[in-house]
2 protein chains.
Amino acid sequence: MNNKRMGQATIRFERPPRVRAWAAVGGKKEQDGPLGSEFDKLFPDTMCGEQTWEKAEMHLQKVALGMAANKCKLPVEALDMLVAGDLLAQCVASSYAARSASVPYLGVYGACSTMAESLALAACMVDGGFAQRAGAIASSHFCTAERQYRFPLAYGGQRTPTAQWTATAAGACILTPSADDQAPVRITHACFGKICDLGITDANNMGAAMAPAAYDTIRTLLSDTGTHPGDYDGIFTGDLGLVGSRLLCELFDRDNIDISKVHEDCGKLLFDQSQDVHAGGSGCGCAASVLCAHLLPKLADRSYKRIILAATGALMSPTSVQQGESIPGICHAVILEAGGKG
Amino acid sequence: MNNKRMGQATIRFERPPRVRAWAAVGGKKEQDGPLGSEFDKLFPDTMCGEQTWEKAEMHLQKVALGMAANKCKLPVEALDMLVAGDLLAQCVASSYAARSASVPYLGVYGACSTMAESLALAACMVDGGFAQRAGAIASSHFCTAERQYRFPLAYGGQRTPTAQWTATAAGACILTPSADDQAPVRITHACFGKICDLGITDANNMGAAMAPAAYDTIRTLLSDTGTHPGDYDGIFTGDLGLVGSRLLCELFDRDNIDISKVHEDCGKLLFDQSQDVHAGGSGCGCAASVLCAHLLPKLADRSYKRIILAATGALMSPTSVQQGESIPGICHAVILEAGGKG
């Protein structure tokens, strides 16, 4: 019997894959935010020295992956597999970043849930014996996302209070098998989410569109594992922002479950309210960089023993929104534990 | 020891996952092509009864998955996981198609290589014990792709001789564990490809952009498994078309390997030259539907004993092409065998 599923949808890793190394890179606004000092590298220039914003985002991914690999004293080429994604049409930030790597490449798309999707998938690949060393990466860039999803930046469009601010950031993790006791963090469970769509059509209120998916996945994960919010040092969603976070707590309140004491949101952690980001941060790079700058280090130094990363994505496109479609939300989650032997 | 890698990059499934059921759906041009009679369902109307081409493509995916599930006498909801992708920005055909399924969903992006990526990934998920029943799907639609990548259809742009014709089609497979001896086809190996970019910048010559990736992955797979082209009843690329297929054979010629006797291309099989498709078919739906309409049935009735499906993707976007970037190619491959007990 080879069934690693438990309950409705949760995957239990019998020999939990490890996170051996990670790196977070960001831009100017991320530097000015509360986590600024925790990033591995920051680019004050929006272009990161490149010719276009898209090339800048590719650069963010390359630098994050290179730094993470370097921390393992490995060249990127020593990886067995890269799992990567971003927000751009045809996921070009990831594909072009991986072009120079010469490593088997799996492109994924999960909108802002991408980091959890790539991390969970890479964990499956390592646990399944399909890769001994796998990279998981995600990125976003404020300027590439604005012109992709909203307006040309030069237009100076006004933002609504419910809008979120796309992070200019990337995060990269290197996963290794359970036996690697030099790796300080373990991935014990993963839960790939179902799509939830409650009919939100406002692309400037993605927190509301994604909250039901976060609720569904976190509730499934808690129920499948027989755990409670109090069993975790934190349940980190990414990126519901202020509006979605409030909705998530309300949804759990209906079940008489209080997650507010342990719930935090990557979109709220990355920026300060004084930074004019309205409802908070978003973008694949938000959860990815908060994970790699802030959460993994706290697991490594054992400030946290066990957390949930539940990254959420809004799976619309500019075309689907123009066609009047509502916004499908998704949330993928992993349980991360402070390492230790065995 | 839990390492299922062999050679450079090939994954060997010790207990090969099975393909239990599949379905192919297509449009008018696919109906008129050489494989028309082998499709499960054909839609003479480009809109498939929907309001937009994008919704039509979502419909193609839903119908293909529903028909494949139906052949297993299962509701779609009984699947543990869906792995799906398409060509559209933010992969909306897949996300919106999966919205009604209520099944854990993994979005992938591999351009026209998507069917091999989703099939290989679903095979890993089943072999690894992370899913007992997994769906792998890919789709494309001529009209959604044209306005995404090229011109508004109403503009009536001229096509160059090297251009390929995006299939209006979807294919869906249901994978089950090795022990399912009702399933007639086995996936014995998978090889996720590396990105190859030899500097082609002409988005109307994708065959040339993808041929080096096909060469790299097929050569790796043959070398890792110690097999030769003659060991296969067919090596099916998808979708190099006429131009890319010729280049692929030339690349192997340099190694003194003649693959021309067993090589075929999904883009050449789907359409006839009389159909004015220039260099042949393309799009995620091309390899997906040729696999499900033509190749899997031939494995099931044992006309074929063993084949390689090596689907190729051109990972550019309209933005990256406008910015003068060259086109990164990728090729993911699986080895499929006629089933049998054990």
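From a predicted model like this one, the values you see are computed outputs, not experimental measurements. (Residues numbered from 1 in each chain as written. Chains lettered and ligands numbered in written order. Predicted model: local features only at pLDDT ≥ 70, side-chain atom pairs only at ≥ 80, totals over all residues. Heavy atoms only, no water.)

Asker: It is not clear to me how the overall build of chain A should be interpreted in this structure. Could you clarify?
Answerer: Check the secondary structure of chain A and you find ten helices and 15 strands. Over its C-alpha atoms chain A spans a radius of gyration of 18 Å, differing by no more than 12% from the 20 Å that the globule rule assigns to 342 residues. Its C-alpha atoms give chain A principal-axis dimensions of about 55 × 50 × 35 Å. Surface summary for chain A: the accessible area is close to 10,900 Å², and the carbon and sulfur share equals 48%. For chain A, the distance from the average site of its 30 positive side-chain charges to the average site of its 35 negative ones is 5 Å. (Helix = DSSP H or I, 4+ residues; strand = E, 2+ residues; numbered from the N terminus. Rg over C-alpha atoms; globule rule 2.2 N^0.38 Å. Areas by Shrake-Rupley, 256 points an atom, 1.4 Å probe, with all protein chains shown as cover. Lys, Arg positive; Asp, Glu negative; His and termini not counted. Charge placed at Lys NZ, Arg CZ, Asp CG, Glu CD.)

Asker: Hey, could you run me through the interface of chain A and chain B in this one?
Answerer: Note: interface size is frequently given as the accessible area lost on complex formation between the parts. Taken together, the contact between chain A and chain B spans 64 residues of the former and 64 residues of the latter. The largest per-residue losses of area from chain A upon contact with chain B belong to Gln90(A), Arg99(A) and Phe130(A), which jointly make up 16% of the total buried on that side. On the surface where chain A and chain B come into contact, there are eight salt bridges. Its salt-bridge partner being Arg99(A), residue Glu325(B) comes within 3.1 Å of it at the nearest N-O pair. (Contact = heavy atoms within 4.5 Å. Buried area = accessible area lost by both parts, 1.4 Å probe. Salt bridge = Lys/Arg side-chain N within 4 Å of Asp/Glu carboxyl O.)

Asker: Would you mind showing me how to read the confidence of the model for chain A here?
Answerer: When pLDDT is low, close inspection of the predicted coordinates is not appropriate. Of all residues in chain A, 99% have pLDDT values of 70 or greater, and the mean over the chain is 95. Predicted complex metrics record ipTM = 0.96 and pTM = 0.97. (pLDDT = per-residue confidence, 0-100.)

Asker: Sorry if this is basic, but what is going on with the pairing of strand 5 (residues 81-85) of chain A here?
Answerer: On any regular strand, side chains alternate: one points to one face of the sheet, the next to the other face. Residue and element names in this part refer to chain A. For strand 5, a buried count of five out of five residues is recorded, marking the element as mostly surrounded by other parts of the structure. Neither face of strand 5 is exposed, since Met81, Val83 and Gly85 on one face and Leu82 and Ala84 on the opposite face are all buried. Of the pairings in the sheet, the one linking strand 5 to strand 7 (residues 134-140) comprises five bridges and is parallel in character. What sits directly across from Leu82, in strand 7, is Gly135. Two elements, strand 5 and strand 6 (residues 105-107), share three bridges in a ladder whose sense is parallel. Counted as the bridge partner of Ala84 is Gly107 from strand 6. You can see the chain leave strand 5, run along helix 3 (residues 92-98) and come back into strand 6, and the turn it takes is right-handed. (Buried < 20%, exposed > 50% of the residue type's maximum accessible area, 1.4 Å probe, protein only. Pairing = 2+ DSSP bridges. Right-handed = clockwise from strand over helix to strand, strands pointing away.)

Asker: I'm lost on helix 9 (residues 284-300) of chain A in this one. Help?
Answerer: Every α-helix winds through 3.6 residues per turn, so residues three or four apart in the chain are directed the same way. The end-to-end C-alpha distance of helix 9 of chain A, which contains 17 residues, comes to 23 Å, matching closely the 24 Å that a straight helix rising 1.5 Å per residue would cover. In the segment just after helix 9 of chain A, Arg302(A) is the residue with positive phi, at about 65 degrees. (Expected span 1.5 Å × (residues − 1).)

Asker: Just checking my understanding: could you explain the side chain of Gln275(A) for this structure?
Answerer: Residue and element names in this part refer to chain A. By the element assignment, Gln275 lies in the loop between helix 8 (266-270) and strand 13 (281-282). When its relative accessible area of 12% is taken as the criterion, Gln275 is described as buried. Among the polar contacts made by the side chain of Gln275, one reaches the main-chain carbonyl oxygen of Lys29 at a distance of 2.9 Å. Discounting residues that sit within four places of it in the chain, Gln275 has contacts with Lys29, Asp32, Gly33, Pro34 and Leu270. (Polar contact = N/O pair within 3.5 Å; in protein donor to acceptor, adjacent residues only side chain to side chain.)

Asker: Got a minute to help me understand the packing of aromatic side chains in this structure?
Answerer: Applying the stated criterion across every chain yields a total of ten aromatic pairs over all chains. Between Tyr215(A) and Phe252(A) the ring centres are 5.0 Å apart and the planes differ by 70 degrees, which places this aromatic pair in the edge-to-face class. With Tyr215(A) in helix 6 (residues 206-225) and Phe252(A) in helix 7 (residues 241-254), the pair connects residues that are 37 residues apart, well separated along the chain. Here the basic side chain of Lys41(A) rests over the ring of Phe43(A), its NZ or CZ set 5.3 Å away from the ring centre. The lysine or arginine in question, Lys29(B), covers the ring of Trp165(B), its NZ or CZ lying 4.0 Å from the ring centre. (Phe/Tyr/Trp six-rings, centres within 6.5 Å; stacked < 30°, edge-to-face > 60°. Lys NZ or Arg CZ within 6 Å of the ring centre and 35° of its normal.)

Asker: Please explain the environment of Glu337(A) as it appears in this structure.
Answerer: Residue and element names in this part refer to chain A. Tracing the backbone through its elements, the reader meets Glu337 in strand 15 (residues 329-338). The exposure class assigned to Glu337 is buried, which follows from its relative accessible area of 18%. Each C-alpha atom, one on Glu337 and one on Ile187, is 6.4 Å from the other, the two residues being 150 residues apart in sequence. Each residue touching Glu337, except ones within four places of it in the same chain, is listed here: Pro184, Val185, Arg186, Thr188, Leu299, Lys305 and Arg306.

Asker: Which parts of the structure should I look at to understand the packing of helix 2 (residues 53-71) of chain B against helix 5 (residues 142-149) of chain B?
Answerer: Each packed pair of helices is defined by two parameters, the angle between the axes and the distance between the axes. Residues and elements named next belong to chain B. Between helix 2 and helix 5, the least distance of the axes is 8 Å, while the angle of their chain directions is 130 degrees. Viewed along their axes, helix 2 and helix 5 adopt a mutual orientation that is oblique. Every pair of crossing elements has a handedness; the one defined by helix 2 and helix 5 is left-handed. Across from Trp53, Glu54 and Glu57 in helix 2, the residues of helix 5 making contact are Cys143, Thr144 and Arg147. Classifying every residue of the contact of helix 2 with helix 5 gives two nonpolar, one polar and three charged. (Axes fitted to C-alpha atoms, helices over the stretch in contact; angles between N-to-C directions. Parallel < 35°, antiparallel > 145°, perpendicular 65-115°, else oblique. Left-handed = near helix turned anticlockwise from the far one by under 90°. Nonpolar A, V, L, I, M, F, W, Y, C, P; charged D, E, K, R; others polar.)

Asker: Sorry, what's going on with the relation of the copies chain A and chain B here?
Answerer: Taken together, a rotation about one axis and a shift along it account for how the two chain copies relate. When chain A is fitted to chain B, the best match, at an RMSD of 0.0 Å, comes from turning it 180 degrees and sliding it 0.0 Å along the axis. The superposition operator between the copies reduces to a two-fold rotation axis. Looking at chain A, 100% of its interface residues are interface residues in chain B too, so the copies touch through the same face. (Least-squares fit on C-alpha atoms with pLDDT ≥ 70 in both.)

Asker: How do you make sense of the environment of His59(A) when you look at a structure like this?
Answerer: All names here are of chain A. On the secondary structure map, His59 appears in helix 2 (residues 53-71). Accessibility expressed as a relative area gives 22% for His59, which makes it partly exposed. Between the C-alpha atoms of His59 and Ala170, which are 111 residues apart in sequence, the distance is 9.4 Å. When residues no more than four places from it in sequence are discounted, the contact partners of His59 are Phe43, Cys48 and Glu50.

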